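Understanding the architecture of this molecule
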Amino acid sequence: MSRAEVPSRRTVLRGALAAGALTAVPGAADAAQTQAPYRNPLAERRADPHITRHTDGRYYFTASVPEYDRIVLRSSRTLRGLITAEEAVIWTRHATGDMAAHIWAPELHRADGRWYVYFAAAPADDIWKIRIWVLENASPDPFRGSWTEKGQLTTAWDTFSLDAHTFTHRGHRYLAWAQHEPGLDNNTGLFLSRMADPWTLTGPQIRLSTPEYDWECVGFKVNEGAAVIKRNGRVFMTYSASATDANYCMGLLTADARGDLMDPASWSKSPEPVFASSEETGQYGPGHNSFTVAEDGRTDVLVYHARPYREITGDPLHDPNRHTRIQRFGWRADGTPDFGIPVRS
């Protein structure tokens, strides 16, 4: 597994929030390397982290908890403030039925004037029958109001599926997710579809990527945890690959922003991981990322989880110490993201 290059002092683009994705216009000099580093971990024992900065100026944070039994939410005016922000439980697994186990990878999104949470869950009597589910809240404040269960998000096949991520591009809302495709010798690939509404897919569902490189197939053949950022006339989709131990790492898909995102040929795949474990900094298995911007509204921030040790006893899914971490990143001269390596704690 190769390691991405250490960030250079390149030009960073001025960020602005668009519904469901981060976009940018040309900006000023790189502040990512000159500002004080963030304190890490941002949240201990919180995996699959998702942070969104809403138009109210607040950051909203959610993630998987080690018990895999509930959905939690924090909010703060600053990223650092999320460390000590009070955590609220906004939804708890059912005692029986289809949403009773493996409550994984929640993402909070604002769409059509409402809040939505996308998450994975499984039945109490079949805990690996994992599917995607959706919650809705009409309140302007996601800590208030009530969360309505919109039900399972239906995909083309009734197979193992998780890690839903929604974004908008050129007037269309999309969903990217991970799923096992019948007939393929893998665990999950990445798929994309347009959405008729925030809980319904419409039109074709295309496969963007399947595990093919060695670094995507260690332990398990996995592509999962998609996240989208738009910069420099391109749409970048990061994803995570391999088992959730020290082999876990991030890959990258790229499309021209003017192209048809629903054409698989519009996307190219980087042949090497773009973010991976670092012996130098003692951080292992970085992945399942999301993107946000710093308080200046310009500096791009990578959100991810990692462990502070390599060796794990037993199933890595039962090891609770995947901690949420954040770090600034910049952009190379060719317009591609430069994530560097996981920073020290």
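Computed from a prediction, not measured in an experiment: that's the story for all the values here. (Residues numbered from 1 in each chain as written. Predicted model: local features only at pLDDT ≥ 70, side-chain atom pairs only at ≥ 80, totals over all residues. Heavy atoms only, no water.)

Helices and strands together make up the secondary structure of the chain, namely 0 helices and 23 strands. Against the 2.2 N^0.38 benchmark of 20 Å for 345 residues, the chain shows a C-alpha radius of gyration of 18 Å, consistent with a compact globule. The burial tally for the chain puts 58% of its 345 residues in the buried class. The long-range fraction of contacts in the chain, counting pairs at least 24 apart against all pairs at least 6 apart in sequence, stands at 54%. Just so you have it, the chain exposes about 13700 Å², and 48% of that area is on carbon and sulfur atoms. A distance of 7 Å separates the average location of the 38 positive side-chain charges in the chain from that of its 41 negative side-chain charges. (Helix = DSSP H or I, 4+ residues; strand = E, 2+ residues; numbered from the N terminus. Rg over C-alpha atoms; globule rule 2.2 N^0.38 Å. Buried < 20%, exposed > 50% of the residue type's maximum accessible area, 1.4 Å probe, protein only. Contact = heavy atoms within 4.5 Å. Areas by Shrake-Rupley, 256 points an atom, 1.4 Å probe, with all protein chains shown as cover. Lys, Arg positive; Asp, Glu negative; His and termini not counted. Charge placed at Lys NZ, Arg CZ, Asp CG, Glu CD.)

A word on the pattern of salt bridges. With the rule as written, the count across this model stands at 17 salt bridges. In this structure, Lys150 engages Glu136 in a salt bridge whose closest nitrogen and oxygen atoms are separated by 3.8 Å. Taken together, the positions of Lys150 in strand S10 (residues 148-152) and Glu136 in strand S9 (residues 131-137) put the pair 14 residues apart, joining distant regions of the chain. Note on Glu136: relative accessible area 8%, which makes it buried. When the shortest N-O distance is used, the salt bridge between Asp256 and Arg258 registers 2.9 Å. Residues participating in the shared-partner salt-bridge network are Arg46, Arg74 and Glu87. (Salt bridge = Lys/Arg side-chain N within 4 Å of Asp/Glu carboxyl O.)

For the rest of this paragraph, the subject is the sheet that holds S10. Across the sheet, 4 strands lie side by side as S7-S8-S9-S10; this open sheet has antiparallel pairing. Edge positions in the sheet fall to strand S7 (101-111) and S10, since each of these pairs with one other strand and no more. The average angle at which neighbouring strand axes cross in this sheet is 25°, direction not considered. Judged from the 7 bridges that link them, strand S8 (residues 114-122) and S9 form a sheet pairing that is antiparallel. Bridge pairing in S9 places Ala121 opposite Arg131. (Pairing = 2+ DSSP bridges. Axes fitted to C-alpha atoms, helices over the stretch in contact; angles between N-to-C directions.)

Taken as a whole, this structure holds 17 aromatic pairs when the rule is applied. Between Phe275 and Phe339 the ring centres are 6.4 Å apart and the planes differ by 70°, which places this aromatic pair in the edge-to-face class. Residue Phe275 is found in the loop between strand S18 (267-269) and strand S19 (284-293), and its partner Phe339 is found in the segment after strand S23 (337-338); the two are separated by 64 residues along the sequence. Neither Phe275 nor Phe339 differs from the other in exposure class; each is buried. An aromatic cluster of at least three residues, connected via ring pairs, comprises Phe236, Phe275, Phe291, Tyr304, Phe329, Trp331 and Phe339. Geometry around Trp199 places Lys150 over its ring, the cationic atom sitting 4.1 Å from the centre. For Arg328, the ring lying beneath its charged end belongs to Tyr38, and the centroid distance is 4.1 Å. (Phe/Tyr/Trp six-rings, centres within 6.5 Å; stacked < 30°, edge-to-face > 60°. Lys NZ or Arg CZ within 6 Å of the ring centre and 35° of its normal.)

Take the environment of Phe191 next. In this structure, Phe191 sits in strand S13 (residues 189-197). Considered as a pair, Phe191 and Thr244 are 53 residues apart in the sequence and their alpha carbons are 20 Å apart. Those residues in contact with Phe191, other than ones at most four positions away along the chain, are Trp157, Leu175, Ala176, Trp177, Gln179, Glu181, Ile206, Arg207 and Leu208.

What the 4 strands build is an open sheet, ordered S11-S12-S13-S14; its pairing is antiparallel. Taken across any chain shown, the strands that pair with only one partner, and hence form the sheet edges, are strand S11 (161-169) and strand S14 (200-209). Ignoring strand direction, the axes of neighbouring strands in this sheet form an average angle of 25°. When strand S12 (residues 172-179) meets S13, the two strands line up antiparallel, connected through 6 bridges. When the bridges of S13 are listed, Leu175 appears paired with Ser193.

The next point concerns the side chain of Thr166. The residue Thr166 is located in strand S11 in this model. We classify Thr166 as buried; its relative accessible area is 1%. At 2.9 Å, the side chain of Thr166 forms a polar contact with the side chain of Arg173. (Polar contact = N/O pair within 3.5 Å; in protein donor to acceptor, adjacent residues only side chain to side chain.)

Ranked by internal contacts, the top residues of the largest apolar core, which has 22 residues, are Leu192, Leu208, Met237, Leu261 and Trp267. Only S12, S13, S14, strand S15 (223-231), strand S16 (234-241) and strand S17 (249-256) provide two or more residues apiece to this core. (Core = buried A, V, L, I, M, F, W, Y, C linked by side-chain atoms within 4.5 Å.)

This paragraph deals with the pairing of S11. The buried count for S11 comes to 9 of 9 residues, which makes it a mostly enclosed element. As judged from the 7 bridges shared by S11 and S12, these two strands associate in the antiparallel manner. Looking across to S12, one finds that Ser161 is bridged to Gln179. The hairpin turn running from S11 into S12, its antiparallel successor, is 2 residues long, and Arg170 in that turn takes a positive phi close to 50°.

With an omega of 0°, the peptide bond between Asn40 and Pro41 qualifies as cis. Position of Pro41 among the secondary structure elements: in the loop between strand S2 (21-25) and strand S3 (47-53). Positive phi is not limited to glycine here, since Asp48 has a value of about 50°. Structurally, Asp48 can be placed in strand S3. Phi is positive for His288, close to 40°, though the residue is something other than glycine. Considering the arrangement of structural elements, one finds His288 in strand S19.

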